[in-house]
Amino acid sequence: MRPTLLQGHERALTQIKYNRDGDIIFSTAKDQHICAWFSHNGERLGTYHGHQGAIWTVDVDPTSTLIASGAADNTVRLWDIKSGKCLKVWEFNTAVKRVEFNEDGSQLLAVTEKRMGFLGTIVVLDINLDPNAEQSDEKVMTITCEEGKATVAGWSYMSKYIIAGHEDGTVSQYDGKSGEQIDNVPVHDVDTPITDLQWSADRTYFITAGKDKTAKLINARDLEILKTYVADTPLNSASITPKKDFVILGGGQAAMDVTTTSTRQGKFEARFYHKIFEEEIGRVRGHFGPLNTVAVDPTGKGYASGGEDGYVRVHQFDKGYFDFTYEVERQARAQGQM
Amino acid sequence: EDADRGASADLAVVEHRRRLLMEWLAWREEIEHDVAEERQELGMPLDPLEGLIKKTATEADGEEEVIEIE
């Protein structure tokens, strides 16, 4: 796999998102600007300026018209992708750690940080996908996390559920309309934070990454743990590949945190596992620091990773990747079972 | 050589993988069916983006459009 290095960020990467067509990559970092890049050649097509603090999160709506971002300046901002104009600013009491559009882009959720005097929340905003339209000020729903604060959250299929991962290692399922908590289950080791939550294409299941060195594949409908991927380093991110039944995990320990182990420092590699068989199938090296975020092209052509080292590395999958199959997969395909 | 890893694994491992694959495919079939039914009951389009993507015209046009961004 030949990587393209995206150079432009001056600080650690925090999140990467592809648009639906897989041709544009959006990246956020602690350096206060959002970058947009062409995925095929790594050329930067724009930056979005306005945030006054580290940017923690970005998402692009399904029509590739708008992006939303959340930052340490306690705001969520909505941007017109084409003009680069900031269309709306919503203010909060604390930093915004995660934003995500629902499946049709009609709503956006934002996860806010817990801080002295403020509990962590998940807030829902109505979105108008027309860049010339007025956006509503109103926070249409606020879910307050009384126990473990939410670190990540997202929308299920049909926007039926809001699923959140918490700092205490549990996952919650909330009603997408009322915000009422339906379920809360321990998924990762007790009191180890969940660092990422990414969806399957149809949003019926998702993957979580944990500081407990595992990633879990979970059914959105009943929060059943479908699969567990065991790594040897704390994980910051996990993504599900379309077309192939793989998952990609990213993590690694910063050198300053590696004190008790004499093994190879860091382990700054993207790890590929077979989604169904839970077996590790390969690793991709390259970063000089932990991988903070991994994202997969929704069209299945490649993936990108963003590191603590300030780089985004974009990989186009090669023939070997697409050809890789297990015997039982070849047989099932031959028999028309998949 | 990776491609043939499955071939050299012993029978028990292969059978285990086969079971996992069949379980997975069965679950996918079930949930895809259920969600499609649920969408229809609620009058939601099967594709959540139906009617949304139209304004970016055809796929090819959409790509061209994006490239014009400064």
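- As recorded by an unreviewed UniProt entry, chain A carries the name Eukaryotic translation initiation factor 3 subunit I and is attributed to Phialocephala subalpina.
- Check the Subunit (unreviewed entry) section of the UniProt entry for chain A; it says "Component of the eukaryotic translation initiation factor 3 (eIF-3) complex."
- What UniProt states about chain A under its Subcellular location (unreviewed entry) heading is, verbatim, "Cytoplasm".

**What about helix H2 (residues 327–334) of chain A?**
Item 1. Among the residues of H2(A), A:Val328, A:Glu329 and A:Ala332 are the ones counted as buried. One side of H2(A) carries all its buried residues, which in axial view fall inside an arc of 100°.
Item 2. The secondary structure elements touched by the buried residues of H2(A) are strand S24 (270–274) of chain A together with helix H2 (11–41) of chain B.
Item 3. Looking one or two residues beyond H2(A), the residue adopting positive phi is A:Gly336, at roughly 70°.

**Regarding the pairing of strand S16 (residues 170–175) of chain A**
All names here are of chain A.
Item 1. Taking burial as the measure, the six residues of S16 include five buried ones, the bulk of the element.
Item 2. In the sheet, strand S15 (residues 161–166) pairs with S16 via five bridges, with the strands oriented antiparallel. Bridging across to S16, Ile162 finds its partner in Tyr174.
Item 3. Counting the residues in the hairpin turn of S15 and S16 gives three residues, including Gly169, whose phi is positive at 90°.
Item 4. Two elements, S16 and strand S17 (residues 181–186), share five bridges in a ladder whose sense is antiparallel.

**Comments concerning the interface of chain B and chain A**
Item 1. Every contact between the two is made by 38 residues of chain B and, on the other side, 41 residues of chain A.
Item 2. Here chain B and chain A share six salt bridges between them.
Item 3. Residues B:Arg17 and A:Glu279 are paired through a salt bridge, measuring 3.1 Å at the closest nitrogen-oxygen approach.
Item 4. For the pair chain B and chain A, the interface holds eight residue pairs in polar contact (both at pLDDT 80 or more).
Item 5. Among the elements of the structure, helix H1 (5–8), H2 and helix H3 (59–67) of chain B are those that each provide at least two residues to the side of chain B that touches chain A.
Item 6. A per-class count over the side of chain B that touches chain A returns 20 nonpolar, two polar and 16 charged.

**Comments concerning the sheet that holds strand S26 (residues 291–296) of chain A**
Residue and element names in this part refer to chain A.
Item 1. Pairing in this open sheet of four strands is antiparallel, and the strands run S1-S28-S27-S26 from one edge to the other. Whereas interior strands pair on both sides, the edge strands pair on one side only; in this sheet they are strand S1 (3–6) and S26. Neighbour-to-neighbour, the strand axes of this sheet turn through a mean angle of 20°, independent of strand direction.
Item 2. Pairing between strand S27 (residues 302–307) and strand S28 (residues 312–316): five bridges, direction antiparallel. Across the sheet, residue Gly302 finds its bridge partner in S28, namely Gln316.

**Digging into the sheet that holds strand S14 (residues 150–155) of chain A**
Residue and element names in this part refer to chain A.
Item 1. What the four strands build is an open sheet, ordered S14-S15-S16-S17; its pairing is antiparallel. In the strand order of this sheet, the two ends are held by S14 and S17, each with one partner. The mean angle between the axes of side-by-side strands here comes to 20°, regardless of whether they run parallel or antiparallel.

**Comments concerning the pattern of salt bridges**
Item 1. Tallying each qualifying case throughout the model produces 25 salt bridges over all chains.
Item 2. Residue A:Asp323 is joined to A:Lys319 by a salt bridge in which the shortest nitrogen-to-oxygen separation is 2.6 Å. Of this pair, A:Asp323 and A:Lys319 are both found in helix H1 (residues 319–323), four residues apart, which corresponds to roughly one turn of the helix.
Item 3. Residue class for A:Asp323 comes out partly exposed when judged on its relative accessible area of 40%.
Item 4. Between B:Arg28 and B:Glu32 there is a salt bridge, with its nearest N and O atoms 3.3 Å apart. Of the two residues, B:Arg28 and B:Glu32 are both situated in helix H2; the distance of four residues between them amounts to about one turn of the helix.
Item 5. Among the residues examined, B:Arg28 registers a relative accessible area of 11% and is labelled buried.
Item 6. A single network of salt bridges, built from pairs that share partners, joins A:Asp232, A:Glu269, A:Arg271, A:Glu280, A:Arg283 and A:Arg285.

**What to know about the environment of A:Ile81**
Item 1. Looking at the element boundaries, A:Ile81 is found in the loop between strand S8 (75–80) and strand S9 (86–91).
Item 2. Sequence-wise, A:Ile81 and A:Pro131 are 50 residues apart; in three dimensions their C-alpha atoms are separated by 9.1 Å.

**A few points about the layout of surface pockets**
Residue and element names in this part refer to chain A.
Item 1. Taken as a whole, the second largest pocket holds about 730 Å³ of empty space.
Item 2. In terms of lining, the second largest pocket is formed by 32 residues, of which the most central are Trp56, Thr195, Lys211, Asn236 and Asn292.
Item 3. Looking at the lining of the second largest pocket, the elements that each hand over two or more residues are strand S2 (13–18), strand S10 (96–101), S14, strand S18 (194–199), strand S22 (235–240) and S26.
Item 4. Here the lining of the second largest pocket gets five residues from one element, more than from any other, and that element is S2.

**A short note on the packing of aromatic side chains**
All names here are of chain A.
Item 1. The tally for this structure, following the rule as stated, stands at 18 aromatic pairs over all chains.
Item 2. Pairing Phe272 with Phe317 gives two aromatic rings, centres 6.2 Å apart and planes at 80°, and the pair type is edge-to-face. Pair noted here: Phe272 is in strand S24 and Phe317 is in the loop between S28 and H1, with a separation of 45 residues, a long-range link. An identical accessibility class is assigned to Phe272 and Phe317; each is buried.
Item 3. The structure contains a cluster of three or more aromatic residues connected by ring pairs, namely Phe246, Phe272, Phe277, Tyr303, Phe317, Tyr321, Phe322, Phe324 and Tyr326.
Item 4. Above the face of the Phe92 ring, Lys139 is positioned so that its terminal group lies 4.2 Å from the ring centre.

Conventions and cut-offs
Residues numbered from 1 in each chain as written. Chains lettered and ligands numbered in written order. Predicted model: local features only at pLDDT ≥ 70, side-chain atom pairs only at ≥ 80, totals over all residues. Heavy atoms only, no water. UniProt positions renumbered as here; feature names shortened; annotations may be inferred. Buried < 20%, exposed > 50% of the residue type's maximum accessible area, 1.4 Å probe, protein only. Helix = DSSP H or I, 4+ residues; strand = E, 2+ residues; numbered from the N terminus. Arc of directions from axis to C-beta. Contact = heavy atoms within 4.5 Å. Pairing = 2+ DSSP bridges. Salt bridge = Lys/Arg side-chain N within 4 Å of Asp/Glu carboxyl O. Polar contact = N/O pair within 3.5 Å; in protein donor to acceptor, adjacent residues only side chain to side chain. Nonpolar A, V, L, I, M, F, W, Y, C, P; charged D, E, K, R; others polar. Axes fitted to C-alpha atoms, helices over the stretch in contact; angles between N-to-C directions. 1 Å grid on protein atoms, 1.4 Å probe; cavity = no way out; pocket = protein on both sides within 12 Å on 5 of 7 lines; lining within 4 Å. Points joined across faces, edges and corners; volume = space filled by probe spheres on them. Phe/Tyr/Trp six-rings, centres within 6.5 Å; stacked < 30°, edge-to-face > 60°. Lys NZ or Arg CZ within 6 Å of the ring centre and 35° of its normal.

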